[in-house]
Amino acid sequence: MNISETYSNIGRVRQIINVLIKHGFGQIVSYLHLDKYLSFGKRFFGLKIEKLSEKEIDLSPAERLTLVLEELGPTFIKFGQIMSTRPDLMPLDFVEAFTRLQDRVKPFSYEEAKNIVEGELGQPIEKLFKSFDKEPIAAASISQVHYATLNTGEEVVVKIQRPGIQKNILTDIRILYMIANYIDKRLGDDKLFEPLLLVEEFDNSIRRELDFVIEASNTEKLHNNFKDDPNIRFSNVWWDYTTSRVLTLERLSGFRIDDDEKFKQYKIDKGKLAEKIIYAYLKQFFEDGFFHADPHMGNILISPEGKILVLDCGMVGYLHRELKENFAQVFVGIVTRDFEKLVDAYIKLGMMTQPIDYVSFHKDIVAYMERHLDVPIKQFKISEVFMDTLANAQKYKIRVNVDFLLLMRSLAILENISRKLKPDMNILEITKPYAFDLLKKKFTFKDIKGGLLKLVFDLTDTSREFPKQIKQILRKVQTGGLRFEITNPMDKKIEAGMERLGNKISIGIIIAGLAIASGIVLQNSTAPALFGIPLLTLLGYCGVGFITIFLIVSIISYNKG
């Protein structure tokens, strides 16, 4: 934050500092030299460290910081809520405290809502809707929701962004960056968490959440992924009534999962419903690679017919192919007790910030996994495995992929929901076939062919760029920009070894190309054949075999030499 920005927002900065002092963080304010932003009187007479109230005196720092966030309003409430999904970036006791953050925000007036809707959609609200409820059904830190009916008779919900919220949030983000910089510079390597990473993560998340078009796109994608599924439904999007600040969705009506009376009234089997919920999310994880990442009890309703109705698609996760396979490997490693596979998967899922002690990391994972797996299956909890995994990741400074974190968090929430419906639910057994099937697909002919084709294309691109890179290096050598000297007496052997390695890589590429070409010809029934097999395919595979034997013999002879 530059000087002009600091002075323009000085009132908000002082408010934040005073709230921190009020809840027992005065010493931290002083240590970080944030007290220089306080009024002249407080600075002249010294920083007043306020005594904690009786209600707060026995609270932990994490619980008191939660109170700070709630008092500071929408931006900071959202900050805490988003940080509760990033336990790899901050201490776990703070993460747990932040999960209990509540949006205690008063709704804004109907007149303000009406002005925003009309300004965004360009028509009077009376023309846009047949009816529009003046009282919101829900109010949160970013928006509030109203029931409405379109002129064509469809019942919808209209989500309206709070007036002025974007400006307020962007102001607070600048202040958060300022505070994060102070903490980073002041504490250096002694800090328990990464303040700048936390603020960057929040900045990215909140900007996405402020654009309702993104949420609309998420909702439509999930709706389309399940449009033929009779067990689950996501809302349809009314795009003509949607902008970056107004979101209009199909109204889904049902009852909450914890409403036992409704289950009895509509004679819905809780056990079967629990399985349907898990299967619906496993499809998202393992097949679609795109999932609803906030499946808490308030976001899942049940229709009288027993259909699962999913609300609020603002938070989603993406799983590319490699990430799905690593996730599957985690589950296979757990159910088969193959801890080597589990360790490898966890390492692939993280970003190392320093060299890792592999032996100690492996030992720690084996220790906590055996502890979890030695209990009866009814007592096994994904959520506890998740927390131990994160504690281990923090210990070794592994920053876990954010989408994998969202996935594990979603699975832990789903486990709690499903066990409320069916106490003896075995989520491992349900997940196992999905994980095995996904890993088996890696070894199908289609998958292998696709992988080889990608390898050939990548190597082709590399071969095109390689001469340019060599020319750049030679220019630097000619102009004195690059100098090197080999003094190792083994340099000739190294050079010869590198040359052999390059030759073997080239041969490997030829083998892959011949194998792919032969496989493609094999599928062409019009090609000339011998004994029912296309002639070109036979020649191609013979060539692959000959070159492969040559390569193996050369490797063996080199190793002997």
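Draft legend 1. Quick look at the overall build of the protein chain. Scanning the protein chain from terminus to terminus reveals 23 helices and 15 strands. The 561 residues of the protein chain split such that 42% are buried. Restricting the contact set of the protein chain to residue pairs at least 6 apart, pairs at least 24 apart contribute 67%.

Draft legend 2. Region of the structure containing helix H18 (residues 382-395). The terminal C-alpha atoms of H18, which comprises 14 residues, lie 20 Å apart, in line with the 20 Å expected from a rise of 1.5 Å per residue. Within H18, the full set of buried residues consists of Ile382, Ser383, Val385, Phe386, Thr389, Leu390, Asn392 and Ala393. Among the residues trailing H18, Lys397 stands out with phi positive, at a value near 55°.

Draft legend 3. Structural view of the sheet that holds strand E9 (residues 300-302). Spatially, four strands are ordered E5-E10-E9-E7 in an open sheet, and the strand pairing comes out mixed. Because the sheet does not close on itself, it has two edges, and the strands there are strand E5 (232-234) and strand E7 (255-256). Pairing between E9 and strand E10 (residues 308-310): three bridges, direction antiparallel. If you follow Leu301 over to E10, its bridge partner there is Leu309.

Draft legend 4. Representation of the packing of helix H14 (residues 270-288) against helix H15 (residues 321-335) within the structure. Axis separation between H14 and H15 bottoms out at 9 Å; the angle between their running directions is 125°. Classified by the angle between their axes, H14 and H15 sit oblique to one another. Facing H14, whose interface residues are Phe285, Phe286 and Glu287, H15 presents Lys324, Phe327 and Ala328. Residues of the contact of H14 with H15, tallied by class, amount to four nonpolar, no polar and two charged.

Draft legend 5. Molecular detail of the confidence of the model for the protein chain. Looking at the protein chain as a whole, the pLDDT averages 79, with 72% of positions reaching at least 70. Counted against residues more than four places away or in other chains, residues 443-459, with its pLDDT under 50, gives 13 contacts.

Draft legend 6. Structural context of the pattern of salt bridges. Across all of its chains, the model carries 21 salt bridges by this definition. With a closest N to O distance of 3.9 Å, Glu63 and Arg100 form a salt bridge. Linking Glu63 in helix H5 (residues 61-72) with Arg100 in the loop between helix H7 (92-98) and helix H8 (110-121), this pair joins segments that are 37 residues apart in sequence. Where Glu250 meets Arg233, a salt bridge forms, and the shortest distance between an N and an O atom there is 3.0 Å.

Draft legend 7. Structural detail: the nonpolar core. Within the largest apolar cluster, 74 residues are counted, with the highest numbers of intra-cluster contacts made by Ile277, Phe285, Phe327, Tyr346, Met369 and Phe404. Broken down by element, this core gets its largest block of residues, ten residues, from helix H19 (residues 402-421). Here Met369 is in contact with Ile334, Phe339, Leu342 and Val385, once residues within four sequence places are set aside. Formed by 42 residues, the second largest nonpolar core is a distinct cluster that contains Leu34, Phe94, Phe98 and Leu101.

Draft legend 8. Representation of the side chain of Lys78 within the structure. Note that Lys78 resides in helix H6 (residues 74-83). A relative accessible area of 11% means that Lys78 is categorised as buried.

Draft legend 9. How the structure looks around helix H10 (residues 165-187). Taking 1.5 Å per residue as the helical rise, H10 with its 23 residues ought to reach 33 Å, and the 32 Å between its terminal C-alpha atoms agrees with that figure. All of the buried residues along H10 are Ile165, Ile169, Thr171, Asp172, Ile173, Ile175, Leu176, Met178, Ile179, Ala180 and Ile183.

Draft legend 10. How the structure looks around the environment of Thr149. Residue position: Thr149 is located in strand E3 (residues 143-150). Taking C-alpha positions, Thr149 is 9.8 Å from Glu250, a pair spaced 101 residues apart along the chain. Setting aside residues no more than four positions away along its own chain, Thr149 makes contact with Phe129, Lys130, Ser131, Glu154, Glu155, Val156 and Arg251.

Draft legend 11. Molecular detail of the packing of aromatic side chains. Counted according to the given criterion, the structure contains 16 aromatic pairs. Where Phe79 meets Phe202, the ring centres are 5.2 Å apart and the plane angle is 85°; that geometry is what we call edge-to-face. One end of the pair, Phe79, is in helix H6; the other, Phe202, is in helix H11 (residues 195-210), with 123 residues separating them in the sequence. For the pair shown, Phe79 and Phe202 are each scored as buried. For the ring pair Phe327 and Phe331, a centre distance of 5.1 Å and an interplane angle of 85° mean the geometry is edge-to-face.

Draft legend 12. Just the pairing of E3, in detail. Of all eight residues in E3, seven are buried; the element is thus mostly enclosed. Where strand E1 (residues 129-132) meets E3, three bridges bridge the pair, whose relative direction is antiparallel. Counted as the bridge partner of Phe129 is Leu150 from E3. Hairpin connection between strand E2 (residues 138-139) and E3: a loop of three residues separates the two successive antiparallel strands.

Draft legend 13. Structural context of the environment of Leu252. Summarising the element assignment, Leu252 is placed in the loop between strand E6 (246-250) and E7. Along the chain, Leu252 and Ile302 lie 50 residues apart, while their C-alpha atoms are 9.4 Å from each other.

Draft legend 14. The arrangement of the environment of Ser303 in detail. With respect to the helices and strands, the residue Ser303 is situated in the loop between E9 and E10. Under the relative-accessibility criterion, Ser303 is labelled buried at 5%. Residues Ser303 and Gly254, spaced 49 residues apart in sequence, show a C-alpha to C-alpha distance of 4.4 Å. The residues contacting Ser303, other than those within four sequence positions of it, are Ser253, Gly254, Phe255, Ile268 and Leu309.

Calculation notes
Residues numbered from 1 in each chain as written. Predicted model: local features only at pLDDT ≥ 70, side-chain atom pairs only at ≥ 80, totals over all residues. Heavy atoms only, no water. Helix = DSSP H or I, 4+ residues; strand = E, 2+ residues; numbered from the N terminus. Buried < 20%, exposed > 50% of the residue type's maximum accessible area, 1.4 Å probe, protein only. Contact = heavy atoms within 4.5 Å. Expected span 1.5 Å × (residues − 1). Pairing = 2+ DSSP bridges. Axes fitted to C-alpha atoms, helices over the stretch in contact; angles between N-to-C directions. Parallel < 35°, antiparallel > 145°, perpendicular 65-115°, else oblique. Nonpolar A, V, L, I, M, F, W, Y, C, P; charged D, E, K, R; others polar. pLDDT = per-residue confidence, 0-100. Salt bridge = Lys/Arg side-chain N within 4 Å of Asp/Glu carboxyl O. Core = buried A, V, L, I, M, F, W, Y, C linked by side-chain atoms within 4.5 Å. Phe/Tyr/Trp six-rings, centres within 6.5 Å; stacked < 30°, edge-to-face > 60°.

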